[in-house]
Amino acid sequence: MSNSPGDKPSTPLHSVSVAGAVIREDGRMLVIKRRDNGNWEPPGGVLELNETPEEGVVREVLEETGIHVEVERLTGVYKNMARGIVALVFHCKPSNGTERPTSEAIAVKWISQKEIEEKMQEVYAIRLLDALTKDDPHIRSHDGKNIF
């Protein structure tokens, strides 16, 4: 199957990432302030070829925050139309560990829903807010800044 017109097949240029909507019992959610761009985002990153999405989100959350998690369910699929990135977001619960800055995160915090709405860009905030609902999974597209 090709994604280009004509007889010449093409290779899709998509990348798959995973992120954790890590929610404590008190409702606060785990976020990182990225070292490279200063944005507040849920912890996550590129899925490796040799791992399942669930393994990838566990690895990424631990690498970026110091927190071990248990994956509970898929809450959303988000496509950045401008960059060809498909992000799978999973509702996770923390199992142990202590949050700490890492090579990828200058800050790691547990924040409230109100703080999510105030501090985060729409395309990242919606991933956490969607995880708080029961009508999973959400499927959304965006341009890197705004949800369509």
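Treat the numbers as computed from the prediction; the structure is a model and nothing was measured.

What counts as what
- Residues numbered from 1 in each chain as written.
- Predicted model: local features only at pLDDT ≥ 70, side-chain atom pairs only at ≥ 80, totals over all residues.
- Heavy atoms only, no water.
- Phe/Tyr/Trp six-rings, centres within 6.5 Å; stacked < 30°, edge-to-face > 60°.
- Lys NZ or Arg CZ within 6 Å of the ring centre and 35° of its normal.
- Helix = DSSP H or I, 4+ residues; strand = E, 2+ residues; numbered from the N terminus.
- Polar contact = N/O pair within 3.5 Å; in protein donor to acceptor, adjacent residues only side chain to side chain.
- Core = buried A, V, L, I, M, F, W, Y, C linked by side-chain atoms within 4.5 Å.
- Buried < 20%, exposed > 50% of the residue type's maximum accessible area, 1.4 Å probe, protein only.
- Pairing = 2+ DSSP bridges.
- Contact = heavy atoms within 4.5 Å.
- Axes fitted to C-alpha atoms, helices over the stretch in contact; angles between N-to-C directions.

Chemist: Honestly, the packing of aromatic side chains in this entry has me stumped. Any pointers?
Modeler: Both the distance between ring centres and the angle between the ring planes are used here to describe each pair of aromatic rings. Per the counting criterion, the structure on display carries zero aromatic pairs. Above the plane of the ring of Trp40 lies Lys119, whose end atom (NZ or CZ) is 5.6 Å from the centre.

Chemist: Looking at this model, I keep getting lost on the environment of Asp135. Mind explaining?
Modeler: Looking at the secondary structure, you find Asp135 in the loop between helix H3 (122–131) and strand S8 (138–142). Distance in space between the C-alpha atoms of Asp135 and Glu25 is 20 Å, their sequence separation being 110 residues. Polar contacts involving the side chain of Asp135 include one to the side chain of Thr133, which spans 2.8 Å.

Chemist: How should the nonpolar core be read in this particular structure?
Modeler: Ala21, Met29, Val31, Ile116, Met120 and Leu128 are the most contacted members of the largest nonpolar core, which totals 20 residues. Mapped onto this core, the elements with two or more residues apiece are strand S1 (15–22), strand S2 (29–34), strand S6 (85–97) and H3. Among the elements that make up this core, the one with the highest residue count is H3 (seven residues). With 16 residues, the next largest nonpolar core counts Leu30, Val86, Phe90 and Val108 among its residues.

Chemist: Got a minute to help me understand the sheet that holds strand S3 (residues 40–41) in this structure?
Modeler: What links the strands of a sheet is backbone hydrogen bonding, and the strands pair in either a parallel or an antiparallel sense. Strand order in this open sheet of three strands is S3-S2-S7, and the pairing throughout is antiparallel. Single-partner strands in this sheet number two, and they are S3 and strand S7 (105–111). Two strands pair when backbone bridges link them, and S2 and S3 are joined in this way by two bridges, in the antiparallel orientation. Within S3, the residue paired with Lys33 across the bridge is Trp40. Relative to the sheet, helix H1 (residues 53–65) contacts S2 and S7, its axis offset from that of S2 by approximately 60°.

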